[in-house]
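# Structural overview for review
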Amino acid sequence: MVLKNICPFKGLCLSLAATLCTVAQALAVEVDAVAARVGTEAILKSDIVLEMQRMNAPQSAFEAVRAEMIDRKLILRAALESKMTIQEWVIENRIREIIKSMFEGDRNKLVEFLSLKKMSYPEWRERMKNDMVIQAMKWNVVDKNVSVGPQAMRNEYESHPERYAEPSIVTVSVILLKPEDASKRDEVASALKKEPFSAVAKRFSSGSRASEGGLWKDINPADVFKPAICEEISKMPRHTISNWIELDGWSFLLKKESETPGKRLSFIDAYSKVEENVRKEAAAKSYSAWIERLRADTYIKIY
C-alpha cells in the first residue's frame, strides 16, 4: 500500500527493486568470493583487496598479497599446534613502544591513523599479536638455526665484488628547471657560454642548492638522485656538462666537478657485511623450505 501511494508504476518499481537487489548480490559475491582456503580457514577476495589498499599496492600485486596471507595462516596454524603463545604484557609493552616512537605517546593519534587505514584498534592489536607470534616462530624454526661457515663467506665475497666496494664520491653542480620553465633551456645554454655554471645556476635553477650554485659536494649520487641521473653522472668525464635530462617534466643539467673512484674493501673490512649477507641468504632458503613443508602438510585451495 505504501509503495502504491508513492509510485503509480507499481510493477516497474518492483522490477527495478528486484534488479537492484540482484546486482547488489552479484557485486557482494564478486567482492566477497573465496580467494583461497588454508585448512578450514578461508581468505576472502575482499580481505586481500583491503590489505592491498592498506599497503597502497597496485592491482598487479593481488597474487603476491594472497600468497603472503596464505603463508601467515600457515605459520599461525603451526604456532597453534606447537602451543606458541605471546604473553599479554609483552604485547602491551610493544604497543606502548609503537605509540611512543610513532605517535608522540598519544594513543588517540594511533586510533586516528587506524581509522584512515579502515582498521579498528582491536583488529590492529590482534594483528600485532599475530606478527609477534610469526616472528617468534620464524626465530625458533629458521633464524636461530642458521650457521655461517668461513667457506660460504669467502665464496660470497669473491662472487659479488660489487657488494663490497666503497661507492664513488662525486661533486656535481645542478641546474633544475620547473616544468613551466622548460622554455628557458636555450636561455640557460646561452648564459653558460658567458658565465660560470654556478652563476647560471644561482640565476635560473629551482633546485634546493640554487643559492650555492647548484653544488652537491662529495656525495654518493645514489643517496641523492634518481637512477637516471646517477647513470648519467657515472658516464660523464670530470669537468663536463651533460645534455638536458627530463624527468617528470623537470629539466636537469649537470656538471661533474670532481670524482673520487670507489675501491674494493678487503675481506677483513667487509667481514661483518659479508656475514650478514650470507646469513640472510641462508635464512631465506631455510624459510622457503619451511613454508614448503607447511604447505605440503596443509590442504590449500586457490580459487
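The paragraphs below set out a description of the structure included in this document. Everything quoted here is computed from the prediction, not taken from an experiment.

On to the sheet that holds strand 7 (residues 300-302), then. With antiparallel pairing, the three strands of this open sheet are ordered in space as 2-1-7. One side of each edge strand has no neighbouring strand; the edge strands of this open sheet are strand 2 (41-44) and strand 7. Adjacent strand axes in the sheet meet at a mean angle of 20°, parallel and antiparallel pairs treated alike. By the bridge criterion, three bridges tie strand 1 (residues 34-38) to strand 7 in an arrangement that is antiparallel. Directly across from R37, in strand 7, lies its bridge partner K301. On top of the sheet, helix 3 (residues 45-55) reaches strand 1 and strand 2; it is set at about 55° to strand 2, its chief contact.

Our focus in this paragraph is the packing of helix 5 (residues 88-102) against helix 7 (residues 121-141). The interhelical angle for the contact between helix 5 and helix 7, taken along N-to-C directions, is 110°, at an axis separation of 10 Å. One element, helix 5, and the other, helix 7, form an angle in the roughly perpendicular class. Here helix 5 runs over helix 7; the crossing is right-handed. Contact residues: E88, V90, I91, E92, R94, I95 and I98 in helix 5; Y121, W124, R125, M128, K129 and M132 in helix 7.

All right, on to the packing of aromatic side chains then. Tallying each qualifying case throughout the model produces seven aromatic pairs. Aromatic side chains Y121 and W124 sit 5.9 Å apart centroid to centroid with 40° between the ring planes, which places their arrangement in the tilted category. Taken together, the residues Y121 and W124, both in helix 7 and three residues apart, mark about one turn of the helix. Between Y287 and W290, the ring centres sit 6.0 Å apart and the planes meet at 75°, which makes this aromatic pair edge-to-face. Separated by three residues within a single helix, Y287 and W290 lie in helix 13 (residues 271-296), roughly one turn from each other. A residue is classified by how much of its surface remains accessible, and Y287, at 24% relative accessible area, is partly exposed. For W290, a relative accessible area of 5% translates into the label buried. Positioned over the ring face of Y303 is K301, at 5.8 Å from the centre of the ring.

Time to look at helix 3. Residues S46, I48, E51, M52 and R54 constitute the buried set of helix 3. Directly after helix 3, the chain includes N56, whose backbone phi takes a positive value near 55°.

Let's shift gears to unusual backbone geometry. Although it is not a glycine, K118 sits at a positive phi angle of roughly 55°. Among the secondary structure elements, K118 is positioned in the loop between helix 6 (107-116) and helix 7. For H239, which is not a glycine, the phi torsion comes out positive at approximately 65°. Counting through the fold element by element, H239 comes out in the loop between helix 12 (227-235) and strand 5 (245-247).

Turning our eyes to something else, we now look at the pattern of salt bridges. Following the criterion strictly, the structure yields 22 salt bridges and no others. Measuring nitrogen to oxygen at the nearest pair gives 2.7 Å for the salt bridge that ties E88 to R125. Placement of the pair is E88 in helix 5 and R125 in helix 7, with a sequence separation of 37 residues. Close ionic contact of E281 with K285 constitutes a salt bridge, the shortest N to O distance being 3.7 Å.

Analysis parameters
- Residues numbered from 1 in each chain as written.
- Predicted model: local features only at pLDDT ≥ 70, side-chain atom pairs only at ≥ 80, totals over all residues.
- Heavy atoms only, no water.
- Pairing = 2+ DSSP bridges.
- Helix = DSSP H or I, 4+ residues; strand = E, 2+ residues; numbered from the N terminus.
- Axes fitted to C-alpha atoms, helices over the stretch in contact; angles between N-to-C directions.
- Contact = heavy atoms within 4.5 Å.
- Parallel < 35°, antiparallel > 145°, perpendicular 65-115°, else oblique.
- Left-handed = near helix turned anticlockwise from the far one by under 90°.
- Phe/Tyr/Trp six-rings, centres within 6.5 Å; stacked < 30°, edge-to-face > 60°.
- Buried < 20%, exposed > 50% of the residue type's maximum accessible area, 1.4 Å probe, protein only.
- Lys NZ or Arg CZ within 6 Å of the ring centre and 35° of its normal.
- Salt bridge = Lys/Arg side-chain N within 4 Å of Asp/Glu carboxyl O.

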